[in-house]
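Single-letter residue listing:
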Amino acid sequence: MNLLGSLFSSSIGRKFLMAATGLVLFGFVTGHLLGNLQIFLPPQKINAYGHMLESLGAGLWLIRLFLLACVLIHIWLAIQLTLENRAARPQDYGVAHINRATLASRLMARTSIVVLAFILFHLAHYTVRAGHPLWSEHTFTLADGYTKVRDIHAMMVEGFSNVAVSVFYIIAVGLLSYHLAHGIGSMLQTLGLKNEKWTRGLERFAVAYCWGYFLLNAAIPLAVLGGFVKLHA
Amino acid sequence: MVAPTAKKLFSVTLRIWRQAGPQQPGKFVDYPAANVSPDMSFLELLDVVNDGLTKDDGEPIAFAHDCREGICGTCSCTINGKPHGPGKGIATCQLYMRSFADGDTIVVEPFRARAFPLVKDLVTDRSAFDQVQQAGGFISVRTGAAPDANSIPVPKEDADLAMDAAACIGCGACVAACKNASAMLFVAAKVSHLGLMPQGQPERDKRVLAMVQMMDAAGFGNCTNQYECSAVCPKTITHDFIARMNRDYAVALFREKFKPASNASGGAG
Ligand code: SF4
Ligand code: FES
């Protein structure tokens, strides 16, 4: 069978695709968080950063399409594998018993649904700017004194000033961190990077990463609501 | 009959899955068992219960067993939801009644997986494992006089690791415990035990590809890395072997694709 066929049809091949697309998305959310943390710097930083991304033009669209493909493959295979897994045990046990499967690992499908809802909401909110017609007109002048760019700083402060949006955001990043709590280790195992010598270190990295990811993300809406990050003049 | 003992005897209720055949409906049936010695093995208790059933013209409970010393992998059933019952690193035949307390209800079920169809009561057909094994779980060697034991040097670490994998007795508990009825631990153990040895190298790629293909075809589920398998394995085989197989599979897949094949069509003349 050809390479692509084996990847998309065999059990291990599809696990690789889950892991590889997961790795890409993991990289994306990490980069996205680092970008967002610039909210704690003077407003020109994050606005210049956003401008840099938008000026990538076709490149930005290529990146977006690549990420979209990864999300779609990740979701499609998750559904397919889950259906197959259910069919592999037609009759349940009379006594349910769990030996060591973590709660995070057992809630992957459920956490993913909230994360997906959040991604859609987030794209509608900031990328399409639905419900905020004025946001397209928010402009900001960069340090050079004449380049006018989108005022992302103001969009974020205004967006997170809405308590409901902030609460949803914190819940969603919390569940995404929880999804990653199983996802990171699972990805390493699937790609065959785990062994008896590395396991402990990799597990610690995964836990530390997930907590760090959650706390740093949650810090942004909390800082806005707490008045630490304000609309600039 | 229970052998005389100075230890305190106790009573339990066995709640056992009875099913006359693959097409018949099954259900749990309770069997009270009194005078249980803590030193009895669990299978001995089933023997005693079956004696009673036979005397009363009942149908004895069908359960699979053979060596009764943890080396053949035949005695496969799920006890209180856990394949091979409570305890770590033991097969059902190595489970003793001292693991239970007076008055306990012990629920006994067959291994449940589409790839392990039920034969009768607690007996399942696990020949899917044989098919996976036959797809590549061997090395091709010329038979003849026994080779000198040290003619192929094997590093001690590799030999030890290969032995860990080779300890798999093919019982199927890994499949039974996995929520997806995945056979990854079994197949990983078989792939690794040969893949770690110099004798296993010539067919290493072919082996992992063929065994995984057969595993998929047999109707096992897919691994979700929750490690229920290694938690119940009577030989405590680690799921690190699964990571090793994943790696082997990826390498084999790419090598298969890009390695040039010879055009020669056989020997001289
Ligand atoms: S890996 Fe362990 S649980 Fe699975 S078949 Fe082998 S001995 Fe049994
Ligand atoms: S009867 Fe052989 S392992 Fe239990």
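Residues numbered from 1 in each chain as written. Chains lettered and ligands numbered in written order. Predicted model: local features only at pLDDT ≥ 70, side-chain atom pairs only at ≥ 80, totals over all residues. Heavy atoms only, no water.

(A) Inspection of the interface of chain A and chain B at higher detail. Between chain A and chain B, the contact holds 40 residues from the first and 50 residues from the second. Summing both partners gives a buried area of about 3600 Å² for chain A against chain B, and 51% of it is carried by carbon and sulfur. For the chain A face of the interface with chain B, the top three residues by lost area are Leu3, Tyr93 and Gln189 of chain A, together amounting to 18%. Counting across the interface, chain A meets chain B through zero salt bridges. Those elements giving two or more residues to the side of chain A that touches chain B turn out to be helix 1 (3-9), helix 2 (11-36), helix 4 (58-87), helix 5 (103-106) and helix 8 (163-190) of chain A. The greatest single-element share of the side of chain A that touches chain B, amounting to six residues, is contributed by helix 2 of chain A. When its residues are assigned to classes, the side of chain A that touches chain B shows 12 nonpolar, 19 polar and nine charged. (Contact = heavy atoms within 4.5 Å. Buried area = accessible area lost by both parts, 1.4 Å probe. Salt bridge = Lys/Arg side-chain N within 4 Å of Asp/Glu carboxyl O. Helix = DSSP H or I, 4+ residues; strand = E, 2+ residues; numbered from the N terminus. Nonpolar A, V, L, I, M, F, W, Y, C, P; charged D, E, K, R; others polar.)

(B) Summary view of the pattern of salt bridges. Residues and elements named next belong to chain B. Tallying each qualifying case throughout the model produces 12 salt bridges over all chains. The closest approach of N and O atoms between Arg68 and Asp47, which form a salt bridge, is 2.8 Å. Separated by 21 residues along the polypeptide, Arg68 in the loop between helix 1 (42-55) and strand 3 (78-79) and Asp47 in helix 1 bring together distant segments of the chain. Between Arg112 and Glu109 there is a salt bridge, with the nearest N and O atoms lying 3.5 Å from each other. Residue Glu109 is classed as buried on the basis of its relative accessible area of 0%. (Buried < 20%, exposed > 50% of the residue type's maximum accessible area, 1.4 Å probe, protein only.)

(C) Looking closely at the pairing of strand 5 (residues 105-109) of chain B. Residues and elements named next belong to chain B. Summarising burial for strand 5: four of the five residues are buried, a large majority. With four bridges joining them, strand 1 (residues 10-18) and strand 5 adopt parallel strand pairing. Bridging from a neighbouring strand, Thr13 pairs with Thr105 of strand 5. Examined bridge by bridge, strand 3 and strand 5 share two bridges and lie antiparallel to one another. Across the sheet, the residue bridging to Thr78 is Glu109, located in strand 5. (Pairing = 2+ DSSP bridges.)

(D) Here's a closer look at the packing of aromatic side chains. All chains considered together, the criterion is met by 14 aromatic pairs over all chains. With a centroid separation of 5.0 Å and 80° between ring planes, the pair formed by Trp17 of chain B and Phe28 of chain B is classed as edge-to-face. Highlighted residues: Trp17 of chain B in strand 1 and Phe28 of chain B in strand 2 (residues 27-36), separated in sequence by 11 residues. Measuring from centroid to centroid gives 3.6 Å for Phe129 of chain B and Phe186 of chain B, while their planes differ by 5°, and the two rings are stacked. With Phe129 of chain B in helix 2 (residues 127-136) and Phe186 of chain B in helix 5 (residues 184-195), this pair connects stretches of sequence that are 57 residues apart. For the pair shown, Phe129 of chain B and Phe186 of chain B are each scored as buried. When the ring centre of Trp61 of chain A is taken as origin, the NZ or CZ atom of Arg64 of chain A, which lies over that ring, is 4.9 Å away. When the ring centre of Trp17 of chain B is taken as origin, the NZ or CZ atom of Arg112 of chain B, which lies over that ring, is 4.3 Å away. (Phe/Tyr/Trp six-rings, centres within 6.5 Å; stacked < 30°, edge-to-face > 60°. Lys NZ or Arg CZ within 6 Å of the ring centre and 35° of its normal.)

(E) Highlighting helix 2 of chain A. Under the 1.5 Å per step criterion, the end-to-end length of helix 2 of chain A is 37 Å for 26 residues, consistent within 8% with the ideal 38 Å. Capping the start of helix 2 of chain A, Ser10 of chain A holds a side-chain oxygen 2.9 Å from the backbone nitrogen of Gly13 of chain A, two or three residues further along. (Expected span 1.5 Å × (residues − 1). Polar contact = N/O pair within 3.5 Å; in protein donor to acceptor, adjacent residues only side chain to side chain.)

(F) Region of the structure containing the packing of helix 7 (residues 152-161) of chain A against helix 9 (residues 199-225) of chain A. Residues and elements named next belong to chain A. Running from N to C, helix 7 and helix 9 point in directions that differ by 80°, and their axes come no closer than 9 Å. Taken together, the axis directions place helix 7 and helix 9 in an arrangement best described as roughly perpendicular. Contact residues: Met156, Val157, Phe160 and Ser161 in helix 7; Ile220, Pro221, Val224 and Leu225 in helix 9. Grouping the constituent residues of the contact of helix 7 with helix 9 by class yields seven nonpolar, one polar and no charged. (Axes fitted to C-alpha atoms, helices over the stretch in contact; angles between N-to-C directions. Parallel < 35°, antiparallel > 145°, perpendicular 65-115°, else oblique.)

(G) Looking closely at the site of ligand 1. All names here are of chain B. Around ligand 1, the surrounding shell consists of Phe129, Cys168, Ile169, Gly170, Cys171, Gly172, Ala173, Cys174, Leu185, Phe186, Cys233 and Pro234. More than half of the atoms of ligand 1 fall within 2 Å of the grid points belonging to the largest cavity. Among the secondary structure elements, those contributing two or more residues to the shell around ligand 1 are helix 4 (173-177) and helix 5. A breakdown of the residues in the shell around ligand 1 according to their chemical character gives 10 nonpolar, two polar and no charged. (Near = heavy atom within 4 Å. 1 Å grid on protein atoms, 1.4 Å probe; cavity = no way out; pocket = protein on both sides within 12 Å on 5 of 7 lines; lining within 4 Å. Sits in = over half its atoms within 2 Å of the grid points.)

(H) Layout of the layout of surface pockets. All names here are of chain A. Counted as a void, the second largest pocket has a volume near 580 Å³. Taken together, 26 residues form the lining of the second largest pocket, with Thr102, Ala181, His182, Glu203 and Val207 sitting closest to its centre. At the level of secondary structure, the elements contributing two or more residues to the lining of the second largest pocket comprise helix 5, helix 8 and helix 9. Counted by class, the lining of the second largest pocket contains 12 nonpolar, 11 polar and three charged residues. (Points joined across faces, edges and corners; volume = space filled by probe spheres on them.)

(I) Geometry of the nonpolar core. The biggest cluster of nonpolar side chains holds 56 residues, and the ones touching the most others in it are Val175, Val187, Phe220 and Met245 of chain B. Structurally, this core is a two-domain feature, drawing no fewer than three residues from each of domain 1 (10-120) and domain 2 (126-267) of chain B. Leaving out residues up to four positions away in the same chain, Val175 of chain B has contacts with Arg89 of chain A together with Ala113, Phe116, Phe129, Ala181, Ser182, Ala183 and Phe220 of chain B. (Core = buried A, V, L, I, M, F, W, Y, C linked by side-chain atoms within 4.5 Å. Domains from an automatic or database assignment.)

What is shown is where atoms sit, not what they do.
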